[in-house]
Protein chains: 2
Amino acid sequence: MKIVIDAMGGDNAPREIVKGATLALGKRKNFGIVFTGDEFLVKKELAALSYDVARVEVKHASEVITNDESPTSAVRNKRDSSLVVGLKVLKEDAEAGALISAGSTGAVLTGGIMYIGRIAGVQRPALCPAIPNYRGTSTLLCDAGANADCKPSYLAQFAVMATAYGRAAYGMENPRVALLSNGTEDHKGDIMHQEAFALLSETKGINFIGNAEGRDLMFGDYDILVADGFSGNVALKAAEGCGKTVASILKAEFSKAKLSYLFARKQISKVRSILDYNRMGGAMFLGLKKAVIKAHGSSKAESVAAAVLQAVDAVEGRTVEHIVQMLPQTAETKEE
Amino acid sequence: MKIVIDAMGGDNAPREIVKGATLALGKRKNFGIVFTGDEFLVKKELAALSYDVARVEVKHASEVITNDESPTSAVRNKRDSSLVVGLKVLKEDAEAGALISAGSTGAVLTGGIMYIGRIAGVQRPALCPAIPNYRGTSTLLCDAGANADCKPSYLAQFAVMATAYGRAAYGMENPRVALLSNGTEDHKGDIMHQEAFALLSETKGINFIGNAEGRDLMFGDYDILVADGFSGNVALKAAEGCGKTVASILKAEFSKAKLSYLFARKQISKVRSILDYNRMGGAMFLGLKKAVIKAHGSSKAESVAAAVLQAVDAVEGRTVEHIVQMLPQTAETKEE
């Protein structure tokens, strides 16, 4: 199995990307890496690291897609960008199972659909990150921002795809699925979410429990939260903001009290780690013919390594095949 | 000035409600309280407290509205409930400036519209809580859940009403208004939010800065976040969940390490207090002819006291009059 990595995407590329990927190589033996990006720069980073050389390839790409440019025109025109070259490798190399990029989210989503393509029957691919929760496990949020305007039938598919992903990559037996709404009662939600609730209740093959609230993202009482891409993104950013806010407050308070910090160090770092976004790796883009993972733009080596291992799990677990198998179950309900 | 208090609403009524209200009496001299609810029970609670007796009235109400019943039928049929009796006092007593209830949100919203009425020109009254942020100040979120289905013109009015409220009750000079969206770039959002963005950009009298994300609710870089009631509620609950999650994690970690706790106690309580929801009081229901405030259902004495002082500020600051003055400015843009 090969994991393709866009070495040039993200705030800390290529250094942290390359470093993180080689860290992951040390943790599992069953995969190789194909870096795409500026060959000179990537090899310069690699030269400073110790890793199993036989498991690493570098494919040169002369261009880089930035956050400032229009995703659509960028992926169309920058054919020799590290992202597009990577997507082509993922598509054409039978051994390549997944691509990871910390670059422009829009470009990864657009490029993924353009070069890898949707699984037949998927209305809208969706972004599905794993959110750290109070239990120290993770909650899958789908859609976390790929589709701002959603129809009820999209959300039913998000539930099915995330269920398949949870089983395949996270060892979830019968994941509890909830719909992110403005209250837990069945009647809550705007018109679209009320229709989605009815559709989810009919959808076969998923363990739909009912409505959940923003707070449930962090409590960990559900395995999967289904959301429209707009409010899903609001919830994701709020949870992310929580971790950052708490980290900042802890830092501010304890920097004034060194002795207290000395005694509380262990507990503080535990609190941080539970709320730490980076340990969760990246967000899987569900619904494509091969695994595409968007890593956080600010990813450091540690989170890149987590994203690589997550990609390996997703491929080993045959996520795509599980989605293909489960997808018809939503179709059935849609006819009703 | 009189503040009317539904003594029977909320998980800890009447004890914590009555206790909190009398606490508030001790902090300011310029207002009186009218409790509505079971006279026997309320007076029993009062008997155990020391407060300025001359500033407290109790108006008997034989019924209580619960969270389980339909808000609309409850406020229609339970004419002698502590909430409805309170709303009637607020409407009829010229000295009464605000009502506070920790009871059913739906009943408070429905009852407020039914008995107090909208300000002329207000399309939809909106729920506007103050969220604790990293700076230790508060961010106004409007709408936090009163209107799940929103039109762009509603959001423009939310911005105007919250600006008037921020100036009147929170001493905000020229509050920075942002639109809660799925990204900070101007083009972000679903169709409804893109239209709202355009409308907010044209709205006179507000200081509209652009789009904000879920995380901005806790960072405190904006004074007001305008949102549709659905995603606003998702963000509110997520922020609330954050505080609870962190409190739980801190408790879990430090209960295993008493000595560390001893040394870090001061800092930990500071962290908690910054994220503490209760210190912010209640959520103002903006757009009614008099101030109606929904306190958190789980309110304890401390947060009830905060809500009472918040009500006093809102009345002293002439919030309603400010809204009446500013409202025409949205109307202008609506014609364009």
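Residues numbered from 1 in each chain as written. Chains lettered and ligands numbered in written order. Predicted model: local features only at pLDDT ≥ 70, side-chain atom pairs only at ≥ 80, totals over all residues. Heavy atoms only, no water.

1. Let's talk about the relation of the copies chain B and chain A
The condition is simple: A least-squares fit on C-alpha atoms brings the copies together, and the residues used are those whose pLDDT is at least 70 in both copies. The contact criterion used is simple: two residues touch if any of their non-hydrogen atoms lie within 4.5 Å.
Superposing chain B onto chain A takes a rotation of 180° combined with a translation of 0.0 Å along the rotation axis, leaving an RMSD of 0.0 Å. Overall, the copies show the geometry of a two-fold rotation axis. In this assembly, 98% of the residues forming the interface of chain B have copies in chain A that are likewise at the interface, indicating an isologous arrangement.

2. Concerning the state of the cysteines
All names here are of chain A. We apply this condition: Our working definition of a disulfide is a cysteine sulfur pair at a distance within 2.5 Å. Residue burial is assigned from relative accessible area. The probe radius is 1.4 Å, only protein chains are included, and a residue is buried under 20% of its type maximum, exposed over 50%, and partly exposed in between.
Tallying each qualifying case throughout the model produces zero disulfides over all chains. A disulfide-free cysteine, Cys-142 has its sulfur positioned 4.5 Å from the sulfur of Cys-128, the nearest such atom. With relative accessibility at 0%, the residue Cys-142 sits in the buried group.

3. Considering the nonpolar core
Our working rule: To form a nonpolar core, buried Ala, Val, Leu, Ile, Met, Phe, Trp, Tyr and Cys residues must be joined to one another through side-chain atoms within 4.5 Å.
The biggest cluster of nonpolar side chains holds 74 residues, and the ones touching the most others in it are Val-246 of chain A together with Val-246 and Val-292 of chain B. Among all residues touching Val-246 of chain A, those that are not within four sequence positions of it are Val-271 and Leu-275 of chain A together with Cys-242, Val-246 and Leu-275 of chain B. Counting 66 residues, the second largest nonpolar core, distinct from the first, contains Ala-24, Ala-126, Cys-150 and Ala-162 of chain A.

4. Topic: helix H5 (residues 105-116) of chain A
Residues and elements named next belong to chain A. Condition: Here a helix means four or more residues in a row that DSSP labels H or I, a strand means two or more in a row labelled E, and each is numbered from the N terminus. One less than the number of residues in a helix, times 1.5 Å, gives the span that helix is expected to have.
Its 12 residues place the ends of H5 16 Å apart at the C-alpha level, agreeing with the 16 Å of an ideal helix rising 1.5 Å per residue. Within H5, burial applies to Ala-107, Val-108, Leu-109, Gly-111, Gly-112, Tyr-115 and Ile-116. Residues of H5 that are buried make contact with helix H3 (71-77), helix H4 (82-92), strand S4 (96-101), strand S5 (126-128), strand S11 (283-286) and strand S12 (291-294). Following H5 by one or two positions, Gly-117 has its phi on the positive side, about 85°.

5. Considering the sheet that holds strand S8 (residues 176-180) of chain A
Think of a sheet as strands paired side by side through backbone hydrogen bonds, with each pair either parallel or antiparallel. Residues and elements named next belong to chain A. The cut-off we apply is this: Here a strand pair is declared whenever DSSP counts at least two bridges between the two strands. Note on method: axes are straight lines fitted to C-alpha atoms, helices fitted across the in-contact stretch only, with angles between N-to-C directions ranging 0 to 180 degrees.
The mixed open sheet is built from five strands, whose spatial order is S6-S7-S10-S8-S9. Because the sheet does not close on itself, it has two edges, and the strands there are strand S6 (130-132) and strand S9 (207-212). Between one strand and the next, the sheet's axes are offset by a mean angle of 30°, whatever the strand orientation. Here three bridges tie strand S7 (residues 138-142) to strand S10 (residues 224-226), and the two strands are oriented parallel to one another. Looking across to S10, one finds that Leu-140 is bridged to Ile-224.

6. Concerning empty space enclosed by the protein
Operational definition: Within this scheme a cavity is a closed region of a 1 Å grid, computed over the protein atoms alone, that accommodates a 1.4 Å probe without allowing it to escape, whereas a pocket is open but has protein on both sides within 12 Å along at least five of seven lines; lining residues each have an atom within 4 Å of a point. Grid points are joined across faces, edges and corners, and a volume is the space filled by probe spheres set on the points. Residue polarity is assigned by list, with Asp, Glu, Lys and Arg as charged and Ala, Val, Leu, Ile, Met, Phe, Trp, Tyr, Cys and Pro as nonpolar; anything else, Gly included, falls into the polar class.
The full count for this structure, using the stated rule, is five cavities of 30 Å³ or more. Looking at the largest cavity, its volume works out to about 60 Å³. Grouping the amino acids of the lining of the largest cavity by side-chain chemistry returns five nonpolar, six polar and one charged.

7. Details of the sheet that holds strand S5 (residues 126-128) of chain B
Residue and element names in this part refer to chain B. The seven strands lie next to each other as S3-S2-S1-S4-S12-S11-S5, forming an open sheet whose pairing is mixed. Edge positions in the sheet fall to strand S3 (56-60) and S5, since each has one partner strand and no second. Here the average twist between neighbouring strands, direction ignored, is 25°. Note: S5 against strand S11 (residues 283-286), three bridges, orientation antiparallel. The partner of Ala-126 across the bridge, within S11, is Leu-286. Where helix H5 (residues 105-116) meets the sheet, its contacts fall on strand S4 (96-101), S5, S11 and strand S12 (291-294), and the angle it forms with S12 comes to roughly 170°.

8. A closer look at the interface of chain B and chain A
Which entries qualify depends on this criterion: By convention, the term buried area covers the 1.4 Å-probe accessible surface removed from two parts as they join, with the contributions of both added. The salt bridge definition used is simple: a Lys or Arg side-chain nitrogen within 4 Å of an Asp or Glu carboxyl oxygen. Any pair of N or O atoms that falls within 3.5 Å is considered a polar contact. Within protein, one atom must be able to donate a hydrogen and the other to accept it, and sequence-neighbouring residues count only if both atoms are side-chain atoms.
Listed as interface residues are 48 residues of chain B and, on the opposing side, 47 residues of chain A. Summing both sides of the interface, chain B and chain A together bury roughly 4200 Å²; the carbon and sulfur share of this comes to 72%. On the surface where chain B and chain A come into contact, there are four salt bridges. Between Glu-240 of chain A and Arg-215 of chain B there is a salt bridge, with the nearest N and O atoms lying 3.5 Å from each other. If you look at where chain B meets chain A, you find seven residue pairs in polar contact (both at pLDDT 80 or more). Among the elements that line the side of chain B that touches chain A, the one with the most residues is helix H9 (residues 229-255) of chain B, at 20 residues. Its residues placed into classes, the side of chain B that touches chain A shows 23 nonpolar, 14 polar and 11 charged.

9. A short note on the side chain of Ser-82 of chain B
All names here are of chain B. Take Ser-82: it is sitting in helix H4 (residues 82-92). When its relative accessible area of 1% is taken as the criterion, Ser-82 is described as buried. Among all residues touching Ser-82, those that are not within four sequence positions of it are Asp-6, Met-8, Thr-36, Gly-37, Ala-61 and Glu-63.

10. Remarks on unusual backbone geometry
All names here are of chain B. Here Ala-13 and Pro-14 are connected by a cis peptide whose omega angle stands at -5°. Structurally, Pro-14 is set in the loop between strand S1 (2-6) and helix H1 (15-27). Residue Asp-143 follows Cys-142 across a cis peptide bond; omega there is 10°. Here Asp-143 is to be found in the loop between strand S7 (138-142) and helix H6 (152-170). The backbone phi angle of Arg-318 is positive, close to 60°, even though this residue is not glycine. Relative to the helices and strands, Arg-318 resides in the loop between helix H11 (301-316) and helix H12 (319-326).

11. So, the packing of aromatic side chains
The description of an aromatic ring pair rests on the distance of the ring centres and on the angle between the ring planes. Residues and elements named next belong to chain B. Here is the rule: Put simply, two rings from Phe, Tyr or Trp (the six-membered ring, in Trp's case) pair if the centres are within 6.5 Å, and we call them stacked under 30 degrees between planes, edge-to-face over 60, tilted for the rest. Comment: the charge-over-ring label is applied if NZ (Lys) or CZ (Arg) is within 6 Å of the ring centre and within 35 degrees of the ring normal.
Enumeration according to the criterion identifies four aromatic pairs over all chains in this entry. Each ring, one from Tyr-165 and one from Tyr-170, has its centre 5.4 Å from the other, and the planes form 85°; the classification is edge-to-face. In this structure, Arg-55 is placed above the aromatic ring of Phe-31, and the distance from its NZ or CZ to the ring centre is 5.3 Å.

12. Re the pattern of salt bridges
Across all of its chains, the model carries 28 salt bridges over all chains by this definition. Put simply, Glu-213 of chain B and Lys-237 of chain A hold a salt bridge, and the shortest N to O gap is 2.5 Å. Of this pair, Glu-213 of chain B sits in the loop between strand S9 (207-212) and helix H8 (216-219) while Lys-237 of chain A is found in helix H9 (residues 229-255), placing the two residues in two different chains. For Glu-213 of chain B, a relative accessible area of 11% puts it in the buried group. On the basis of relative accessibility, which here comes to 10%, the residue Lys-237 of chain A falls in the buried class. When the shortest N-O distance is used, the salt bridge between Arg-135 of chain B and Asp-221 of chain B registers 2.2 Å. On the criterion of sequence distance, the pair formed by Arg-135 of chain B in the loop between strand S6 (130-132) and S7 and Asp-221 of chain B in the loop between H8 and strand S10 (224-226) is long-range, its members being 86 residues apart. A relative accessible area of 31% means that Asp-221 of chain B is categorised as partly exposed. Several salt bridges converge on common partners, so that one network encompasses Glu-213 and Arg-215 of chain A together with Lys-237, Glu-240 and Lys-244 of chain B.

13. Let's talk about the pairing of S12 of chain A
All names here are of chain A. By the alternation rule, side chains of S12 split into Ala-291 and Ile-293 and Val-292 and Lys-294, which are all buried. Bridging between S4 and S12 involves four bridges; their strand directions are parallel. Bridging from a neighbouring strand, Ser-101 pairs with Lys-294 of S12. Connecting S11 to the antiparallel partner S12 that follows it, the hairpin turn spans four residues, and Gly-287 within it adopts a positive phi of roughly 115°.

14. So, the environment of Arg-76 of chain A
Looking at the element boundaries, Arg-76 of chain A is found in helix H3. Taking C-alpha positions, Arg-76 of chain A is 36 Å from Lys-27 of chain A, a pair spaced 49 residues apart along the chain.

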